[in-house]
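Residues per chain, in single letters:
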Amino acid sequence: MQAKGSSRRDSSGFDVEAALDELYATLPSAFVSRREELAAAARTAGHSDDARRVHAARRPTLGAWAVNLLRRSRREESLQFLQLGLALREAYSTLDAAGLKELSAQRRRVITVLSRQATQLAREAGYRLSDSVQLEVESTLRAVLADPDAAARFTAGRLESALTPPSEFPTAANAVATAKKARPPASPAPPTRARAENDLARRRREHQQRLEQAREAAAEAQQQLRTRRAAHDAAQAALEQARERHHQAQNAVTAAERRLGQARENLQQADRDRRRAEEAHRASEEALVLTEGEVRKTSKKADRLTRSVP
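Below: a short report on this structure. Residue numbers here run from 1 along each chain, matching the order of that chain's written sequence. Given that this is a predicted model, residues contribute local features only at a pLDDT of at least 70 and side-chain atom pairs are listed and counted only at 80 or more, while totals for whole chains, interfaces and linings are drawn from all residues. Values reported for side chains reflect all heavy atoms of the structure, with hydrogen atoms and water molecules removed beforehand.

In this description, a pair of aromatic rings is defined by centroid distance and the angle of the planes. Note on aromatic pairs: the rings of Phe, Tyr and Trp (six-membered ring only in Trp) are paired at centre separations within 6.5 Å, and the planes decide the class, stacked below 30 degrees, edge-to-face beyond 60, tilted for the rest. In total, this model carries 3 aromatic pairs according to the counting rule given. When the centroid spacing of 5.5 Å and the interplanar angle of 65 degrees are considered together, the rings of Tyr24 and Phe31 count as edge-to-face. A 1.4 Å probe rolled over the protein chains alone gives each residue an accessible area, and that area as a share of the maximum for its type sets the label: buried under 20%, exposed over 50%, partly exposed in between. Note on Phe31: relative accessible area 1%, which makes it buried.

The next subject is the nonpolar core. Put simply, a nonpolar core is a bunch of buried Ala, Val, Leu, Ile, Met, Phe, Trp, Tyr and Cys residues held in one set by side-chain atoms that sit within 4.5 Å of each other. Counting residues in hydrophobic clusters, the biggest one holds 32 residues, and the most contacted among them are Phe81, Val137 and Leu141. Mapped by element, the contributors of at least two residues to this core are helix H4 (62-73), helix H5 (75-92), helix H6 (97-124), helix H7 (131-146) and helix H8 (148-156). Per element, the largest residue contribution to this core is 7 residues, and it comes from H6. Residue contacts follow a heavy-atom distance rule, with two residues in contact if any of their heavy atoms lie within 4.5 Å. Beyond its immediate chain neighbours, meaning those up to four positions away, Val137 contacts Gly63, Ala66, Val67, Ser115, Ala118 and Leu129. By size, the runner-up hydrophobic cluster in this structure holds 13 residues, among which are Phe14, Val16, Ala19 and Ala39. In this description a helix means any DSSP run of H or I spanning at least four residues, a strand means any run of E spanning at least two, and both kinds are numbered starting from the N terminus.

Attention shifts here to the packing of helix H1 (residues 16-24) against helix H3 (residues 48-55). Between N-to-C directions, angles cover 0 to 180 degrees, with each direction set by a line fitted to C-alpha atoms, over the stretch in contact for helices. The geometry of H1 relative to H3 is characterised by a closest axis approach of 10 Å and an angle of 15 degrees between their N-to-C directions. As summarised for this structure, H1 and H3 are arranged roughly parallel, according to the angle between their axes. The two elements H1 and H3 cross, and the hand of that crossing is right-handed. Of the residues in H3, those touching H1 at Val16, Glu17, Leu20 and Leu23 are Asp50, Arg53 and Val54. Each residue is assigned to one of three groups, with Ala, Val, Leu, Ile, Met, Phe, Trp, Tyr, Cys and Pro labelled nonpolar, Asp, Glu, Lys and Arg labelled charged, and all others, Gly among them, labelled polar. The residue makeup of the contact of H1 with H3, split by class, is 4 nonpolar, no polar and 3 charged. An angle counts as roughly parallel when it lies under 35 degrees, as roughly antiparallel when it exceeds 145, as roughly perpendicular when it falls between 65 and 115, and as oblique in every other case. Here is the rule for handedness: rotate from the far helix to the near one, and if that takes an anticlockwise turn smaller than a right angle the crossing is left-handed, while a clockwise turn gives right-handed.

With that settled, consider the packing of H5 against H8. Two elements in contact, H5 and H8, have axes separated by 11 Å at closest approach and are oriented at 170 degrees. Relative to H8, H5 is oriented roughly antiparallel. Between H5 and H8, the residues in contact are Ser78, Phe81, Leu82 and Arg89 and Pro148, Ala151, Phe154 and Thr155, respectively. Here the contact of H5 with H8 is composed, by residue class, of 5 nonpolar, 2 polar and 1 charged.

This part covers the pattern of salt bridges. Salt bridge criterion: a side-chain nitrogen from Lys or Arg within 4 Å of a carboxyl oxygen from Asp or Glu. Counting across every chain of the model gives 13 salt bridges. The residue Glu160 makes a salt bridge to Arg58 at a minimum N-O spacing of 3.6 Å. One end of the pair, Glu160, is in the loop between H8 and helix H9 (172-182); the other, Arg58, is in the loop between H3 and H4, with 102 residues separating them in the sequence. A relative accessible area of 51% means that Arg58 is categorised as exposed. A network of salt bridges, in which partner residues are shared, links Glu17, Asp21, Arg53 and Arg158.

Structural measurements only, silent on function.
Right under this line is the structure:
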């Protein structure tokens, strides 16, 4: 069996992984019809197993689709988010109460920003997320930070439903209780006390190092989010300006087309008037020629009569 993510494209031109990626990037309203098209393409290419796999793909809920959209549209921020989750999971195992409180606040801020981005991306694609769906998005993002399996599913970008964190990160009280349990007995033997103190010092150094790494990852992720948000706001403003210019240009085109239509009607009327005037001119010219001929005849007759007078 071919590993997920590897190419399945052959001489038939069908790639099941690319097909699934495309399917989960499809708008929810078009998911089912596109799934049937891709399954039919797999069957036509002679890949019955791939056709069954594509056909078995479930349409994602609106919340899952929004998270998939976030993953695909904000790749750098998603990578930063995954790195933050890795650092948090490592740091929380030995975190003290003060450090846990700080990282928890950073985690909430990052989730809030990413959730808003997912909501904005969905709105731009034509879907408004209700409050309950936004809660599903936030729950999924919390699960990605807490659970390595959830992080892997988020990375694939093919979520079918919202994820629920298996458990919340330890609370400050839990961190204190854990630290107390890790302390050596009150009156150990001197060698045991020394080893315990050395182990405690080593764990504190390791904890401090992981804490600094987690803080750096969180700060970097937040900076990346701020940068992306500023870029998005600038792009939104540019889009609105471009839409306004397009609207004005469209109005100008409509007005010009209206004037052009009126000018064409005027031209047609002028052409009809010209043809009638030309016909009248030809008729008048013919009448003039006939009249001139009659005048000449009459004049000649009068001259003959004049000369013939006795």
